[in-house]
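# A closer look at the structure
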Amino acid sequence: MPPTISVIIPVYNRADDITRAIQTVMAQTFRDFEIIVVDDASTDGGKTIAAIETHIARHPDKIRLIKHEVNKGVGGARNTGIAASTGEYIALLDSDDEWHANKLDMQLKALIAANNRLMICLCDYLSIPKTGKKHIVTVRPSQKSDLNMSILGGTLYNMGTTLLAHRSVFAPPYRFDESYVTVAEDYDWLIRHMLRGGKSMAVNEVLATYHSEPLKPYKNHIAYIHRLYTQHAADIQKTLGFEASRYFLGGKNVHLLYVALQTNNILLQGYYFFMKAVIPPNFFKRAINYIAKRLPFKTTS
């Protein structure tokens, strides 16, 4: 019989992290799952694949490895895993993050109770920097009065590690857009999910740990954010309303502010911070919180 949950783990050059990720899945209190690890053409001399194969040898009935011949990006790797999966539900986990033992159990119960196949379930989680001082931040999407609006405003709640959903939300037209190779594939997917009437909820308990990277520039980051806005702005206003479109404009400026921080461009930092502050209501405070939670030397809870 197919498992209830398929866990999809994309990995690229993560020999030092993948063991922890897999072990936290194997430690789940909910046991009816399969793990599909997709190696996205790692270039570390086979170290990542060797680490994965060690776990497959221990749990051949639970873990499968799929190898990409060319690098497709995280969205492409997730799509490969989803296409190969057999579970009724799909759970995403980034290879450098980890789950708490009751994550799948609690989220599955929440989804079954919601009784809506277009509902995605996130969870509260810890954010811990990989380098520098270990300022631990507790991120609580469960406390948002309107989670969809918050996501449109630029906070994606680490869906690559926190999401559990019925596999129907990943029907072929609604998989990750692989043309967003380096960034924004998750933002794009969440927007398209909302535009087709999809809902979002979050379990009010810390169920995962996100190990955040230091600030770093991503290739074509600015171009991807502008493309995302151009692609979806009109549909958001038409389908979700004017207030949603304002939040989305604010989210665009949040991500561009993030790029300005990466590149130490003070003028652009000031411009995008001002734009983020004045568009949707209360966004001055939201912008401060968003940036503070992502700085390696300062965080807030």
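Residues numbered from 1 in each chain as written. Predicted model: local features only at pLDDT ≥ 70, side-chain atom pairs only at ≥ 80, totals over all residues. Heavy atoms only, no water.

### Some remarks on the pattern of salt bridges
Tallying each qualifying case throughout the model produces 15 salt bridges. Between Arg20 and Glu98 there is a salt bridge; the shortest N-O distance is 3.9 Å. Here Glu98 lies in strand β5 (residues 98–99) and Arg20 lies in helix α1 (residues 18–26), a separation of 78 residues in the sequence. On the basis of relative accessibility, which here comes to 26%, the residue Arg20 falls in the partly exposed class. Ionic pairing is found between Asp188 and Arg192, a salt bridge with its closest N-O pair at 2.9 Å. In this pair, Asp188 and Arg192 are both assigned in helix α7 (residues 185–195), four residues apart and thus about one turn of the helix distant. We note that Asp188, like Arg192, is buried. (Salt bridge = Lys/Arg side-chain N within 4 Å of Asp/Glu carboxyl O. Helix = DSSP H or I, 4+ residues; strand = E, 2+ residues; numbered from the N terminus. Buried < 20%, exposed > 50% of the residue type's maximum accessible area, 1.4 Å probe, protein only.)

### Let's talk about the confidence of the model for the protein chain
For the protein chain, per-residue confidence averages 90 on the pLDDT scale, and residues scoring 70 or more make up 88% of the total. Note that residues 297–301 has pLDDT below 50 and, in this model, eleven contacts with residues that lie over four places away or in other chains. (pLDDT = per-residue confidence, 0-100. Contact = heavy atoms within 4.5 Å.)

### Section: the nonpolar core
The biggest cluster of nonpolar side chains holds 73 residues, and the ones touching the most others in it are Ile5, Val7 and Ile35. Looking at which element gives the most residues to this core, the answer is strand β6 (residues 119–129), with six residues. Those residues in contact with Ile5, other than ones at most four positions away along the chain, are Phe30, Asp32, Phe33, Glu34, Gly87, Tyr89, Ala91, Leu104, Leu108 and Leu164. (Core = buried A, V, L, I, M, F, W, Y, C linked by side-chain atoms within 4.5 Å.)

### What about the state of the cysteines?
Tallying each qualifying case throughout the model produces zero disulfides. Its sulfur unpaired, Cys121 is 7.3 Å from the next cysteine sulfur, which belongs to Cys123. Looking at Cys123, the relative accessible area reads 0%, which means it is buried. (Disulfide = S-S within 2.5 Å.)

### Some details on the pairing of strand β9 (residues 199–212)
The sheet contact formed by β5 and β9 spans two bridges and is antiparallel. Note that in β9 the partner of Glu98 across the bridge is Thr209. Here β6 pairs with β9 via eleven bridges, running parallel. From the neighbouring strand, Leu126 faces β9, where its bridge partner is Thr209. (Pairing = 2+ DSSP bridges.)

### Let's talk about the packing of aromatic side chains
Using the criterion set out here, one finds seven aromatic pairs in the structure. Consider the rings of Tyr125 and Tyr210, whose centres lie 6.3 Å apart with planes at 80°: the pair is edge-to-face. Taken as a pair, Tyr125 in strand β6 and Tyr210 in strand β9 lie far apart in primary sequence, 85 residues in all. Take Tyr210: its relative accessible area is 26%, and that puts it in the partly exposed class. The interplanar angle of 45° and the centroid separation of 5.6 Å between the aromatic rings of Tyr180 and Tyr224 together place this pair among those described as tilted. Of the two residues, Tyr180 is situated in the loop between β8 (164–166) and α7 and Tyr224 in helix α8 (residues 221–240); the sequence distance between them amounts to 44 residues. Across the pair, exposure class does not vary: Tyr180 and Tyr224 are buried alike. One Lys or Arg, Lys62, reaches over the ring of Phe33 and ends 4.2 Å from the middle of that ring. A cation over a ring is seen here: Lys252 above Tyr229, with NZ or CZ 4.6 Å from the ring centre. (Phe/Tyr/Trp six-rings, centres within 6.5 Å; stacked < 30°, edge-to-face > 60°. Lys NZ or Arg CZ within 6 Å of the ring centre and 35° of its normal.)

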